[in-house]
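# Close look at the chain arrangement
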Amino acid sequence: MSLPNQQIDQDQLVARIEARNADAFSYLYDNYSAAIYGSISRIVNDEDVAEEVLQDSFMKFWDKIDQYDSSKGRFFTWMVNISRNLAIDKLRSKEMKKVGKTDNIETYVSGIERERLNQMHVDAIGLKETLTSLRDEEKFILEMVYFKGYTQSEISDEFDIPLGTVKTRLRMGLKNMRKVLQLE
């Protein structure tokens, strides 16, 4: 059964991937790869590395589909979290630290330009306006976690904010964003 021209809902898609349906996986890639790549490229500024993380992410979606639990959240959120974690792991890897020491100015400048372009995409979908409705401390934590790729511990250490406070601000910021977006 071919899936390219038809719309399938999240539950059907997950079930077909769990059944190891290659057409479902193609559908998943065709319909979600751009969004997943966008979340990865906000963290990883190197296009080649971001594409590598994208491929690793889709392999992990395929291999770990049995770990997805719909009662804990949406399938897309599960995929974004996996890809985000892989991107952060890649940045922390010895390979990337070694490359970072030998980057030239052209790579650095193109990274800055890409970050500016990604910021424009975030602005275009109205996310920045949504963030402005939050308290400054919640907004700061959300930006650091989701746009800069920081972990909660890194924020705590680098900005001298108690870890419990970081977690609370993140939780409250997400809760308040859901209210603004009318998801609650």
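Residues numbered from 1 in each chain as written. Predicted model: local features only at pLDDT ≥ 70, side-chain atom pairs only at ≥ 80, totals over all residues. Heavy atoms only, no water.

### Topic: helix α4 (residues 75-92)
As a reminder of what qualifies: A run of DSSP states H or I qualifies as a helix once it reaches four residues; a run of E qualifies as a strand once it reaches two. Both are numbered from the N-terminal end. One less than the residue count of a helix, multiplied by 1.5 Å, gives the span that helix is expected to have. A 1.4 Å probe rolled over the protein chains alone gives each residue an accessible area, and that area as a share of the maximum for its type sets the label: buried under 20%, exposed over 50%, partly exposed in between.
If you check α4, its first and last C-alpha atoms are 26 Å apart, about what 18 residues at 1.5 Å a residue would give, namely 26 Å. For α4, the set of buried residues is Phe75, Trp78, Met79, Val80, Ile82, Ser83, Arg84, Leu86, Ala87, Ile88 and Lys90.

### Let's talk about helix α10 (residues 163-180)
What counts is decided by this rule: Arc, as used here, means the arc of the directions from the helix axis to the C-beta atoms.
Relative to the 26 Å expected for 18 residues at 1.5 Å per residue, α10 spans 26 Å between its end C-alpha atoms, a close match to the ideal helical length. Listed in full, the buried residues belonging to α10 are Val166, Leu170, Gly173 and Met177. Viewed along the axis of α10, the buried residues span an arc of 65°, placing them on a single side of the element.

### A look at the confidence of the model for the chain
Quick note on the threshold: The score called pLDDT rates the predictor's confidence residue by residue, from a low of 0 to a high of 100. Residues are treated as being in contact if the distance between any of their heavy atoms lies within 4.5 Å.
Overall, the prediction assigns the chain a mean pLDDT of 80, with 76% of residues at 70 or greater. Looking across the chain, the model is least confident in helix α6 (residues 105-124), with a mean pLDDT of 53, and most confident in helix α3 (residues 47-63), with 93. Note that residues 120-125 has pLDDT below 50 and, in this model, six contacts with residues that lie over four places away or in other chains.

### Overview of the pattern of salt bridges
The cut-off we apply is this: By convention in these notes, a salt bridge is any Lys or Arg side-chain nitrogen within 4 Å of a carboxyl oxygen on Asp or Glu.
Applying the stated rule across the entire model yields four salt bridges. Lys90 serves as the salt-bridge partner of Glu52, at 2.8 Å between the closest nitrogen and oxygen. Taken together, the residues Glu52 in helix α3 and Lys90 in helix α4 connect sequence positions 38 residues apart. Accessibility expressed as a relative area gives 33% for Glu52, which makes it partly exposed. According to the relative accessible area criterion, Lys90 is buried, its value standing at 12%. A salt bridge links Glu138 to Arg135, with the shortest nitrogen-to-oxygen separation between them at 2.9 Å. Assessed through its relative accessible area of 1%, Glu138 is described here as buried.

### Details of the side chain of Ser41
Note the cut-off: Polar contacts, as used here, are pairs of N or O atoms within 3.5 Å; protein pairs need one atom able to donate a hydrogen and one able to accept it. Residues neighboring in sequence count only if both atoms are side-chain atoms.
Here Ser41 is to be found in helix α2 (residues 22-41). A distance of 3.1 Å separates the side chain of Ser41 from the backbone oxygen of Gly38, its partner in a polar contact.

### Topic: the environment of Asp63
Following the sequence through the fold, Asp63 ends up in helix α3. Residues Asp63 and Arg20, 43 residues apart in the sequence, show an inter-C-alpha distance of 9.6 Å.

### Structural notes on the packing of aromatic side chains
What counts is decided by this rule: Only Phe, Tyr and Trp rings take part, Trp by its six-membered ring, and two of them pair if their centres are within 6.5 Å. Stacked means planes under 30 degrees apart, edge-to-face means over 60, and tilted covers everything else. Placement of a positive charge over a ring is assigned whenever Lys NZ or Arg CZ falls within 6 Å of the ring centre and within 35 degrees of the normal to the ring plane.
If you walk through the whole model with that rule in mind, you get eleven aromatic pairs. Ring plane angle 65° and centroid distance 4.9 Å describe the contact between Phe58 and Phe61, whose orientation is recorded as edge-to-face. Here the residue Phe58 and the residue Phe61 both occupy positions in helix α3, the gap between them amounting to three residues, near one helical turn. The pair formed by Phe58 and Phe61 is uniform in burial state, with each residue classed as buried. Relative to Trp78, the ring of Phe61 has its centre 6.1 Å away and its plane inclined at 45°; by these criteria the two rings are tilted. Note that Phe61 is positioned in helix α3 and Trp78 in helix α4, a separation of 17 residues in sequence. When sorted by exposure, Phe61 lands in the same class as Trp78, which is buried. A connected cluster of aromatic rings, assembled from ring pairs, spans Phe25, Tyr29, Phe58, Phe61, Trp62, Tyr68, Phe75 and Trp78. Note that Arg20 overlies the ring of Trp62, its terminal NZ or CZ placed 4.8 Å from the centroid.

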